[in-house]
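Reading the structure
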Amino acid sequence: MNQVLRWKSGFRFYSIKYAGKESIKYTSTINLPRTKFPTRLAQKARIEIERNLIESKIASCYQYQEERHQGAAFILHDGPPYANGDLHMGHAVNKILKDITIRSHVIRGHKVHYIPGWDCHGLPIELKAMAAANAGTKSMKDPVIIRKKSRQFALDAIERQKNQFRSWGVLANWNNKSKVYLTFNSNFIVKQLNLFLNLYEKGLVYRDLKPVYWSPSSKTALAEAELEYDANFVSPSLYVRFRLTNCPKAIAKESFKNIFALIWTTTPWTLPSNQAICYNSNLMYALVKLESVNNQIHEKDENRYLIAQSLLEDFQKTTNKICVVEQLIQGHELTNCTYQHPVFLEQQSLPFFDAAHVQEFKGTGLVHTAPAHGLDDFIICTKNSISIRSIINEEGIYDDGAPSYLKGKTVLDDGNELVMKNLKKDIVFASTLTHSYPIDWRTKKPVIIRASQQWFINTAALKDRAVEEIDKIVVYPRVNAEASKKSLKAQVMKRPYWCISRQRAWGVPIPVLYEKTSGKVLLNKKLLQHICDLTIKEDNIDFWWSQSMEELLPPFLLNEFNVKASDVTKGADIFDIWFDSGSTWSQVLENQQAADLYLEGCDQFTGWFQSSLLLSIAARNCTPYKALFIHGFAVDENGHKMSKSLGNIISPKDISGKYGVDSLRWWVAAHGTQHMAINVSHQLVQQSAESLGKIRAILRYLNGSIEDKSLKSSNMLTTTAESYLNRFLLSQLYNFEKEVFSLYDCCEYNRVIACIQNFVTNQISANYIHLIKDRFYCGTTKEIENIRFTLKQCYTLLCKALWPIAPLLVEESWSYFDDSKSFYEDKFQAEPTWKDESVEEVMEKALELKRALNQQTKSKNSWLLSLQVKCGESTLNLLKRLHPSLNTSLTESELCEILQVNSVNLQSLTTPSASLDFQIDIVSRSDIELCPRCRRFAICSNNDIKHDICQRCALCLDLQTNSK
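Model, not experiment: these values are computed from the prediction. (Residues numbered from 1 in each chain as written. Predicted model: local features only at pLDDT ≥ 70, side-chain atom pairs only at ≥ 80, totals over all residues. Heavy atoms only, no water.)

Concerning the domain arrangement of the protein chain
Convention followed: Bear in mind that the domain bounds are from an automatic or database domain assignment. Two residues qualify as a contact provided that any one of their heavy atoms is within 4.5 Å of a heavy atom in the partner residue. Two parts lose some accessible area (1.4 Å probe) when they are put together, and adding that loss for both gives the buried area. Counted as salt bridges are all cases of a side-chain nitrogen of Lys or Arg within 4 Å of a carboxyl oxygen of Asp or Glu.
What the domain assignment lists for the protein chain is domain 1 (221–450), domain 2 (511–572), domain 3 (678–709 + 719–835) and domain 4 (861–928). Taking only C-alpha atoms into account, the centre of domain 3 sits 31 Å from that of domain 4. Counting residues at the interface gives seven residues for domain 3 and six residues for domain 4. Of the roughly 630 Å² buried between domain 3 and domain 4, counting both surfaces, carbon and sulfur atoms make up 52%. Contact with domain 4 buries surface across domain 3, with Tyr 724, Leu 725 and Leu 771 losing the most and accounting together for 71% of the total. At the boundary of domain 3 and domain 4, one finds one salt bridge. Linking Arg 775 and Glu 897 is a salt bridge whose minimum nitrogen-to-oxygen distance equals 2.8 Å.

Brief notes about the sheet that holds strand β31 (residues 865–871)
Put simply, the test is: By the convention used here, strands pair only if DSSP detects at least 2 bridges between them. The way it works is that DSSP assigns letters per residue, a run of H or I at least four long becomes a helix, a run of E at least two long becomes a strand, and they are numbered from the N terminus.
Spatial strand order, β32-β33-β31-β34: four strands in an open sheet with mixed pairing. Edge positions in the sheet fall to β32 (889–890) and β34 (918–924), since each has one partner strand and no second. The pairing of β32 with strand β33 (residues 903–908) spans two bridges and is classified as antiparallel. Looking across to β33, one finds that Leu 890 is bridged to Val 904.

Quick look at the packing of helix α22 (residues 724–745) against helix α26 (residues 837–857)
Our working definition: Only the stretch in contact is used when fitting a helix axis, every axis being a line fitted to C-alpha atoms; angles between N-to-C directions are given from 0 to 180 degrees. Here the word oblique covers every angle except those under 35 degrees (roughly parallel), over 145 (roughly antiparallel) and from 65 to 115 (roughly perpendicular). A crossing counts as left-handed when the near helix is turned anticlockwise from the far one by less than a right angle, and as right-handed when that turn is clockwise. The nonpolar class holds Ala, Val, Leu, Ile, Met, Phe, Trp, Tyr, Cys and Pro. Asp, Glu, Lys and Arg form the charged class, and all remaining residues, Gly among them, are polar.
The geometry of α22 relative to α26 is characterised by a closest axis approach of 9 Å and an angle of 110° between their N-to-C directions. Between α22 and α26, the angle falls in the class roughly perpendicular. Of the two elements, α22 crosses α26, and the hand of that crossing is left-handed. Of the residues in α26, those touching α22 at Tyr 724, Leu 725, Arg 727, Phe 728, Ser 731, Gln 732 and Asn 735 are Val 839, Glu 840, Val 842, Met 843, Glu 844 and Leu 847. In terms of residue class, the contact of α22 with α26 is made up of seven nonpolar, three polar and three charged.

Some words on the packing of aromatic side chains
Geometrically, a pair of aromatic rings is defined through the distance of the ring centres and the angle of the planes. Stated precisely, the cut-off is as follows: The pairing test for Phe, Tyr and Trp rings, Trp by its six-membered ring, is centres within 6.5 Å, and the orientation test on the planes gives stacked under 30 degrees, edge-to-face over 60, and tilted for anything in between. Three labels apply to residues, based on accessible area from a 1.4 Å probe with only protein chains included: buried if under 20% of the type maximum, exposed if over 50%, partly exposed otherwise in between. Only lysine NZ and arginine CZ atoms are considered, and such an atom sits over a ring when it is within 6 Å of the ring centre and within 35 degrees of the ring normal.
Enumeration over the complete set of coordinates arrives at 38 aromatic pairs. Between Trp 118 and Phe 165 the ring centres are 6.0 Å apart and the planes differ by 35°, which places this aromatic pair in the tilted class. On the criterion of sequence distance, the pair formed by Trp 118 in strand β5 (residues 117–118) and Phe 165 in helix α5 (residues 143–167) is long-range, its members being 47 residues apart. For Trp 118, a relative accessible area of 1% puts it in the buried group. Note on Phe 165: relative accessible area 1%, which makes it buried. Considering the side-chain rings of Phe 196 and Tyr 200, the 6.3 Å spacing of their centres and the 25° angle between planes classify their relative orientation as stacked. Here the residue Phe 196 and the residue Tyr 200 both occupy positions in helix α6 (residues 186–201), the gap between them amounting to four residues, near one helical turn. The exposure class of Tyr 200 is partly exposed, given its relative accessible area of 25%. Cation over ring: Lys 95 sits above Phe 165, and NZ or CZ is 4.6 Å from the ring centre. The positively charged end of Arg 103 is found above the aromatic ring belonging to Trp 803, 4.5 Å away from the centroid.

A word on the pairing of strand β19 (residues 448–457)
Successive side chains on a regular strand alternate, one facing one side of the sheet and the next facing the other. Most of β19 sits inside the fold, with eight of its 10 residues counted as buried. Pairing geometry for strand β7 (residues 205–215) and β19, over 10 bridges, is antiparallel. Bridging from a neighbouring strand, Pro 211 pairs with Ala 451 of β19.

Section: helix α12 (residues 525–538)
To keep it simple, the criterion reads: Residue count minus one, scaled by 1.5 Å, sets the expected span of a helix. Definition of a polar contact: a pair of N or O atoms within 3.5 Å, with one able to donate and the other able to accept a hydrogen when the atoms are protein atoms, and with sequence-neighbouring residues admitted only if both atoms are side-chain atoms.
Taking 1.5 Å of rise per residue, the 14 residues of α12 would be expected to cover 20 Å, and the 20 Å separating its terminal C-alpha atoms lies within 8% of that figure. Among the residues of α12, those classed as buried are Leu 527, Leu 528, His 530, Ile 531, Cys 532, Leu 534 and Thr 535. Packed against the buried residues of α12 are α6, β23 (513–515), β24 (521–522), α13 (543–546), α14 (549–552) and α15 (555–561). Two or three places before Lys 526, at the opening of α12, Asn 524 has a side-chain oxygen 3.2 Å from that residue's backbone nitrogen. Phi turns positive one or two residues past the end of α12, at Asp 539, with a value near 65°.

What about the side chain of Asn 94?
Take Asn 94: it is sitting in helix α3 (residues 89–106). Excluding anything up to four places from it in sequence, Asn 94 contacts Leu 599, Glu 600 and His 631.

Quick notes on the pairing of strand β12 (residues 284–292)
Extensive coverage of β12 is indicated by the burial of eight of its nine residues. Note that β12 and strand β14 (residues 321–330) share nine bridges and pair antiparallel. The residue bridging Leu 287 from the neighbouring strand is Gln 327, located in β14. Where β12 and strand β13 (residues 303–308) come together, four bridges link them in antiparallel fashion. Each residue of the ladder has a partner; that of Tyr 285, found in β13, is Ala 308.

A word on the pattern of salt bridges
Throughout the structure, instances matching the rule amount to 43 salt bridges. Ionic pairing is found between Asp 774 and Arg 936, a salt bridge with its closest N-O pair at 3.1 Å. In this pair, Asp 774 sits in helix α23 (residues 749–778) while Arg 936 sits in the loop between β34 and α29 (951–963), placing the two residues 162 residues apart along the sequence. Per residue, the accessibility class of Asp 774 equals that of Arg 936, and both read buried. Several salt bridges converge on common partners, so that one network encompasses Asp 78, Lys 95, Lys 98 and Glu 600.

And the structure:
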């Protein structure tokens, strides 16, 4: 319209448009989730929140359950970490797996018993303490000073490790000293000493001269578990001849000068200690003449050599010599043979012994036997009453009993070369061999086998009973259970004996006295009780080194043993640390009690699993554990062991700082239970952080959707009139809780992760939240209340499933819902009445129909569609519960809501196909104008209804207006 306005100066013309009617905003009328729980956290804010949650929520959790939870406690006995440095990813795997296990019980209201501990003795601590305190000084040779420095070093390491464990959210009563065990505490030492006396009185502990693994670099005996193996160790490989002084009768010696026994060795340094040659009476031996390939006859063809017939080919191939067989001799004919020692030539009649350990797989079938340096050697010589001759001291140096050219020389550095040089004429062939060789796990230096006076446990008396108990235990993961049991039994059965003595200062002393003249052991209950009383009084056992015999032994003990103080000496040995840690069950178990679970790495088959079992069998005749959980080792993304030299170490402290504590825990749960090599990389932890981010988003949605934390089950009807979507999710929640905690009980935490992610993605997000949005955002008060009830159950049970793995995320989320208490202080459990298989059957069929519809509609706005659905009889009977009227188009049925369409006409299909018993015909309704409030229903054409919205929304708004 144009209007003309007259002014004195003339005419002006204006174009005027009528403003359109302003569109109405309905956002304030919609029930949208509202919460202050943040979508994500910046790194600095996250670290601060984690610290606050640990101090305000997690720190008191263990004590809370200890005081309030009832029933028999679930006992997880903590294998003690070593108190010698900062924590690595292996510690994170172990401690977090233990914590997940504990939490999975706590969150169900079970009482748990978990006493964390530390292994505080041993050479690594002693060496580091000495290095830190300038070990070269004279005072550092004093065992009392070594012990004080070592104790302080261990205490400092324990404090650092404890703080890191706490920062990972690990549950324990960390501040209560009685709820933590340390192997150098006086109460622990007293129990250990009494255990030793118990075994000594039973005859299960004894002192003897035996060959043991010996570390010259550490100057102490070592257990098998204290060894590592260098796969590329290079040793000499020699064929050496020993001249026979008494030959088998079947050999006519006149035709040649000498007969030599050929032996093969990779340890020429042991040849001066030779005391016999072993053979196998079941083998056939050959008397041969040696010729080189160039026809040069060895030693003018005047000598002959004995070798096993079956090993001739291997010998010729290795040495490039030709063996001309002149005579075959039965093994038993070597019985009375004797030979001359190759080093000590005056020894002319050394024996041959028949021995089963001589095999025909390698060597010559004739074995150089040095009982001071080999277990089989020791056994056969002891059996034949040969006294053991040792010429090597604790530093791995030849002593005065060695030939002059070896005295004062180290066996591994100089010994091999010097022996080979002086036996040159008797070495038939020399080369080298690259093979696996034991090294000291602490110093990384080669070890030797050396006979020495040590204390041993008689494992032979315990093995059969131990195997019986192993058969009874449960092993996780279940997929490897039988193989793990078989491995543990094999390790136990092949153990010849257990050397429990070490020759160092930092440890628990073996509490025995010796008569100086006879070497007789003095030990009884009165002596032990006196030592225990002093230990409690002094709060340590340093007096064993600091007090003289006169100070240590009161008159009544001297009278008891009928000795003078000057006649006896204290033992200089300490207990093997595996005896320390193997007796830790005595700190947490009573009488015949067994822990419900031991959880450690697979290396503990030769370590803690075995030492604990053997000591418990010896002391109590029962196993200390009902179940074992075996996990693997942390390796880098390429499968390599982490080490400083490779530069591939990833610190758990760095991981938790960058990605969050729960991301570290999530990675452990996802990757720590199913593989023996647990890959660690920033990429994998980043994936864990992203997974948690998606979980966080769902928790935020649920948190903001509930509002009223007082919602009770009575607020929602569970009759057939109630929403199938609600009832379906509740039924699925019941299944979910049952499945997830069944997986927790089987320690399959990777499957727990998968179960949670699947439930969140498919049941909560893709199905329920997506399908109820219209009703939840725009429905009636009653509909919204019922959805809120369902969402609350979903929220609490999801938090319950998550809490063992991601406790900080759950507690943070919960603080925005109910800041009056921690999540673990409440109890949540799915009701058995929620389980409804008929509802599940109906909903599964409806969701199958929706999937088929989605395949047809692709990206179309499905709310504009009208469907004609024809079904076979069985499907029709199910879908009728969601869409009660047949042959009629309905817009407000629950089937329409599930399919997200404008209307559905449900009809009977007379001829269903074998593969699919429903048929969907789609009618597009592009002429429909959807309601601007709900965007589901068409705008109502009734002029009596206010606003340009659908009838359902108009009624809802009227109800909202009337309620104000």
